[in-house]
Amino acid sequence: MDIGGAYGGGKAGGAFDPIAFVQRPTVILRAVCWLFAIIVFGCISSEGWREEANGKEYCIINRDGNACNYAVGIGVIAFLAAMGFIAGEYLIEQMSSVKTRKHYVLADLGFSAFWSFLFFIGFCYLTNQWGKADDPPNGEGVNNVQASIVFSFFSIFTWAGCAYFAFLRFKAGVDPSFSSTYESDPSAAQQYAAYPASNENDQFQEAPFSGQQQQQQQQQQRADYSQPTY
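Residues numbered from 1 in each chain as written. Predicted model: local features only at pLDDT ≥ 70, side-chain atom pairs only at ≥ 80, totals over all residues. Heavy atoms only, no water.

Going by an unreviewed UniProt entry, the protein chain carries the name Synaptogyrin and comes from Anopheles quadriannulatus. Recorded in UniProt under Subcellular location (unreviewed entry), the annotation for the protein chain is "Membrane". Check the Sequence similarities (unreviewed entry) section of the UniProt entry for the protein chain; it says "Belongs to the synaptogyrin family." (UniProt positions renumbered as here; feature names shortened; annotations may be inferred.)

Draft legend 1. Broad picture of the layout of surface pockets. One number sums up the size of the second largest pocket: a volume of about 170 Å³. Arg50, Tyr58, Ile60, Asn62, Arg63, Lys132, Ala133, Asp134, Asp135, Pro136 and Pro137 are the residues that line the second largest pocket. Residues of the lining of the second largest pocket, tallied by class, amount to five nonpolar, one polar and five charged. (1 Å grid on protein atoms, 1.4 Å probe; cavity = no way out; pocket = protein on both sides within 12 Å on 5 of 7 lines; lining within 4 Å. Points joined across faces, edges and corners; volume = space filled by probe spheres on them. Nonpolar A, V, L, I, M, F, W, Y, C, P; charged D, E, K, R; others polar.)

Draft legend 2. Quick look at the side chain of serine 116. The topology assignment puts serine 116 in helix α4 (residues 98-132). Look at serine 116 and you get buried, because its relative accessible area is 9%. Here the side chain of serine 116 touches isoleucine 156 through a polar contact of 2.8 Å, landing on its backbone oxygen. Excluding residues within four positions of it along the chain, serine 116 makes contact with Ile156, Trp159 and Ala160. (Helix = DSSP H or I, 4+ residues; strand = E, 2+ residues; numbered from the N terminus. Buried < 20%, exposed > 50% of the residue type's maximum accessible area, 1.4 Å probe, protein only. Polar contact = N/O pair within 3.5 Å; in protein donor to acceptor, adjacent residues only side chain to side chain. Contact = heavy atoms within 4.5 Å.)

Draft legend 3. Structural view of a nonpolar patch on the surface. Together, Trp34, Leu35, Val76, Leu80 and Met83 give the surface a local cluster of nonpolar side chains, amounting to about 410 Å² of exposed area. Secondary-structure elements contributing two or more residues to the nonpolar patch are α2 (25-47) and α3 (65-91). The element best represented in the nonpolar patch is α3, accounting for three residues. Summarising the element assignment, methionine 83 is placed in helix α3. (Patch = residues over 30% accessible without salt bridge, like charges linked within 9 Å, V, L, I, M, F, W, Y side chains within 5 Å. Areas by Shrake-Rupley, 256 points an atom, 1.4 Å probe, with all protein chains shown as cover. Salt bridge = Lys/Arg side-chain N within 4 Å of Asp/Glu carboxyl O.)

Draft legend 4. Representation of empty space enclosed by the protein. Using the criterion set out here, one finds one cavity of 30 Å³ or more in the structure. Taken as a whole, the largest cavity holds about 50 Å³ of empty space. Sorting the residues of the lining of the largest cavity by element identifies α2 and α5 (142-172) as the ones contributing at least two each. Ranked by the residues each element gives to the lining of the largest cavity, the list is headed by α5, at four residues. Of the residues that constitute the lining of the largest cavity, the class distribution is four nonpolar, one polar and four charged.

Draft legend 5. Quick peek at the environment of lysine 102. By the element assignment, lysine 102 lies in helix α4. Distance from lysine 102 to arginine 169, taken between C-alpha atoms, is 8.9 Å for residues 67 residues apart in sequence.

As structure tokens, this is what we get:
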């Protein structure tokens, strides 16, 4: 991964290259997170619920509604977050404030690490409840539940990878070349430097025009004495 500029982003206002953008490891990994999230909540939403004779729905994962709701909940939020962070990959190049970039990278690091942990909890929870569940009638929904569990497991590593990339960005910080010209050019800082201190021998130095003024005064006095008196 190319880390440069400020927190992994180049200078603001640069040309946007869509091909280079989609080839970034962070963008590819976000797209994988987005796809896995669709599978996790889509499989449970479509085949995870059954309707009893009295019209009441139940979750086929050991009749534990919390298990189905948990899988759908973390999947939907992961789906929205992945799209948001893909957009953030584009917007970070437009952020001229280093502080704003730092806050974005910290938010990325914290959310990705937390969601990796939630998918780990979800995988353990769903696996435990599915192991206790009775086989659904005619095996309907079995493949969907298994797919949701498997991709919950995969999502642990994809979101952990996103957190790792965010950590690399935070660790890289600000590249010196990203600083402004005034900060990086030593000569610019000297434009407003104080005058150099004078030597002690120069403190009684004669004023620049004092000698010329004395010559003019002497010439004027000679002219006055040369005039005849009556």
